[in-house]
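Structural features, examined
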Amino acid sequence: MASLTPISQSQSLFNKPQLKFKLPSSDFLPKSFTVSFSKMNPTMPMKSAAGVVSATTAEMPPKKRYQGEGKGFVEEMRFVAMKLHTRDQAKEGEKEVKEPQEKEVAKWDPTVQGYLKFLVDSKLVYDTLEGIVDRAPFPSYAEFRDTGLERSEKLAKDLEWFKEQGHAIPEPSAPGITYAEYLKELSEKDPQAFLCHFYNIYFAHSAGGRMIGKKVAEMILDKKDLEFYKWDGELSQLLQNVREKLNKVAESWTREEKNHCLEETEKSFKHSGEILRLILS
């Protein structure tokens, strides 16, 4: 049991701001408690001097930490996105291979017509993204105008090249149309979810998308280097500029809004995966 200083020694006790007492071990008792005498008057009777008792188990739990949080919100988004890759796609990947486009690209059997469908639907999505950013239904979207990551004009040049080679350019198909409509609806009411898609579309294309483009070009385009995979300026710096803008915008979000943004990642991967699958059609 705790032992208390006799009343006859109270004068020295009052000179100590706090005393800590240990209690017998128990699952139902705090391991210790502290008595604070900082506001006690040594001339007051002991029974009228109110010590403040605080149990260690009553303290607030530590704040939950999110992976990447210390480096900014974009790093949190990256962690979530990496887990949705397969192990073949990323070392942090946790997803099992279920769809054809999730296999290693070396095992793909792409066709020119399928690749054209992919490019056409991709252009529709980028047209939609860039149009939304230009209109900026939420002021924060305006931060992402003219980032250098825009792809619409590059894709237009590529499709014109295919046309010159005698290929018929198809109309957009269901995967691209569905995703574009979803982005329009989302952008008007849910900026956190919309910016999740913005981040994943542009950053995924700058990484895995480039690798896919190179492999497919080797397989069916005689290594043709499409404009879709070229950027004006240093790509790493363009990406860093957008990271900083995203982090800045997210600073004003609550933790709940940030979590909502992260939860949208899976939908982004789903829609993008359906468009990517067109390469194999």
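Residues numbered from 1 in each chain as written. Predicted model: local features only at pLDDT ≥ 70, side-chain atom pairs only at ≥ 80, totals over all residues. Heavy atoms only, no water.

**Focus on helix α3 (residues 112-135)**
For α3, spanning 24 residues, the distance from its first C-alpha to its last is 34 Å, which sits close to the expected 34 Å at 1.5 Å a residue. Directly after α3, the chain includes Ala136, whose backbone phi takes a positive value near 50°. (Helix = DSSP H or I, 4+ residues; strand = E, 2+ residues; numbered from the N terminus. Expected span 1.5 Å × (residues − 1).)

**Focus: unusual backbone geometry**
Among all residues save glycine, negative phi is the norm, and among peptide bonds the norm is trans. Despite not being glycine, Asp222 shows a phi value in the positive range, around 55°. With respect to the secondary-structure elements, Asp222 resides in the loop between α6 (191-220) and α7 (235-250). Positive phi values are uncommon outside glycine, yet Lys223 reaches one of about 65°. By relative accessible area, Lys223 is classed as exposed at 63%. (Buried < 20%, exposed > 50% of the residue type's maximum accessible area, 1.4 Å probe, protein only.)

**Topic: the nonpolar core**
Of all hydrophobic cores here, the largest spans 57 residues; its most connected members are Tyr115, Phe118, Leu119, Leu129 and Leu149. Among the elements that make up this core, the one with the highest residue count is α6 (12 residues). Those residues in contact with Leu119 that lie beyond four places of it in its chain are Leu155, Leu159, Phe162, Leu226 and Phe228. (Core = buried A, V, L, I, M, F, W, Y, C linked by side-chain atoms within 4.5 Å. Contact = heavy atoms within 4.5 Å.)

**Some details on the packing of aromatic side chains**
The full count for this structure, using the stated rule, is 12 aromatic pairs. Judged by centre distance (5.9 Å) and plane angle (80°), the rings of Tyr126 and Phe228 are edge-to-face. Of this pair, Tyr126 sits in helix α3 while Phe228 sits in the loop between α6 and α7; the two residues are 102 residues apart in sequence, bridging distant segments of the chain. Exposure class is identical for Tyr126 and Phe228. Each is buried. Ring plane angle 55° and centroid distance 4.8 Å describe the contact between Phe198 and Tyr202, whose orientation is recorded as tilted. With Phe198 and Tyr202 both in helix α6 and four residues apart, the pair spans about one turn of that helix. Here a set of aromatic residues connected by ring pairs shows up, and it is made of Tyr115, Phe118, Tyr126, Phe144, Phe198, Tyr202, Phe228 and Tyr229. Positioned above the aromatic ring of Phe79 is the side chain of Arg78, whose terminal nitrogen or guanidinium carbon lies 5.1 Å from the ring centre. (Phe/Tyr/Trp six-rings, centres within 6.5 Å; stacked < 30°, edge-to-face > 60°. Lys NZ or Arg CZ within 6 Å of the ring centre and 35° of its normal.)

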